[in-house]
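Fold and geometry: a report
Here is how the chains run, residue by residue.
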Amino acid sequence: MAGSSPPTIGILALQGDVAEHEALLRGLGVNTVQVRRADQLEGLDGLVLPGGESSVMDKLLRLFDMKKPLQAMLRGGMPVLGTCAGLILLADEIEGAITGQETLGGLDVCVKRNAFGSQVESREERVVVRGIGGPPLDVALIRAPIVTRVGEGVDVIATLDGGEIVGVENSTMIGVSFHPEVSGDDRLHSLFLQKVAESQR
Ligand code: GLN
């Protein structure tokens, strides 16, 4: 980011709820790029991995030769926000993966896919997120994962009333089980943009 010009945030746009993230980020005054090819990763200040279907995104990332460059950028410290399927893509380990499903990794957690079962596939929740002031976030949980193991260097930033871990972060990554972009609450994205700003100091 040069001087005080707004950062450019990529949104992985192979599949999933790209438009909702784009609308929130634009509302916060940043430039956005829908990322469909590896060369579009260049020059980004941060990246959002949207909700959708993690196994499909995994396949497409490999098919389009985007997995390795993306992993290199994540290892290099590019800030990333993953929501739902995006969290699954960041996790080092998954429970309930389909055969052959891989992740990008880098976030030392285990996530359990579709953890709320088939009967309660989506619901709305109010979630308190560490670092976000004001009332709890109104969020959607849509065939959501939960975090079942939290490793070194990872902090829990959100839990449900039953104790289920639904938000985590490390120094460059934020991963949440829920979709603030569906309900339109932009405070998690603001928190992410703070991480982006910190990474540029
Ligand atoms: N169940 C989906 C998956 O495993 C995630 C759902 C979502 O992103 N809303 O990828």
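The structure reproduced in this document is the subject of the present report. (Residues numbered from 1 in each chain as written. Predicted model: local features only at pLDDT ≥ 70, side-chain atom pairs only at ≥ 80, totals over all residues. Heavy atoms only, no water.)

1. What to know about the pairing of strand S6 (residues 107-112)
- Sheet analysis places strand S5 (residues 91-95) next to S6, joined by four bridges and oriented parallel. Considered in S6, the bridge of Glu93 is made with Cys110.
- As defined by bridge partners, S6 adjoins strand S9 (residues 146-150) across four bridges and the pair is classed as antiparallel. Bridging across to S9, Lys112 finds its partner in Ile146. (Pairing = 2+ DSSP bridges. Helix = DSSP H or I, 4+ residues; strand = E, 2+ residues; numbered from the N terminus.)

2. Points about the state of the cysteines
- This structure, assessed with the given rule, holds zero disulfides.
- Looking at Cys110, it has no disulfide partner, and the nearest cysteine sulfur is the one in Cys84, 15 Å off. (Disulfide = S-S within 2.5 Å.)

3. Some details on the pattern of salt bridges
- Counted under the stated rule, the structure contains 15 salt bridges.
- The residue Arg130 makes a salt bridge to Asp155 at a minimum N-O spacing of 3.6 Å. Within this pair, whereas Arg130 is found in the loop between strand S7 (122-127) and strand S8 (137-142), its partner Asp155 is found in strand S10 (residues 155-159), the two being separated by 25 residues in sequence.
- Within this structure, Asp58, Arg62, Lys67 and Glu102 form a network of salt bridges that share partners. (Salt bridge = Lys/Arg side-chain N within 4 Å of Asp/Glu carboxyl O.)

4. Notes on the site of the ligand
- All residues in the neighbourhood of the ligand are listed as Gly51, Gly52, Glu53, Ser54, Cys84, Ala85, Ile88, Arg113, Asn114, Ile142, Arg143 and His179.
- In the environment of the ligand, an oxygen atom lies 2.9 Å from a nitrogen or oxygen atom belonging to the backbone of Gly52.
- Between Ile142 and the ligand, the recorded distance is 2.8 Å, taken from a backbone N or O atom to a nitrogen atom.
- With the chains in place, 97% of the 300 Å² that the ligand exposes on its own is no longer accessible. (Near = heavy atom within 4 Å. Polar contact = N/O pair within 3.5 Å; in protein donor to acceptor, adjacent residues only side chain to side chain. Areas by Shrake-Rupley, 256 points an atom, 1.4 Å probe, with all protein chains shown as cover.)

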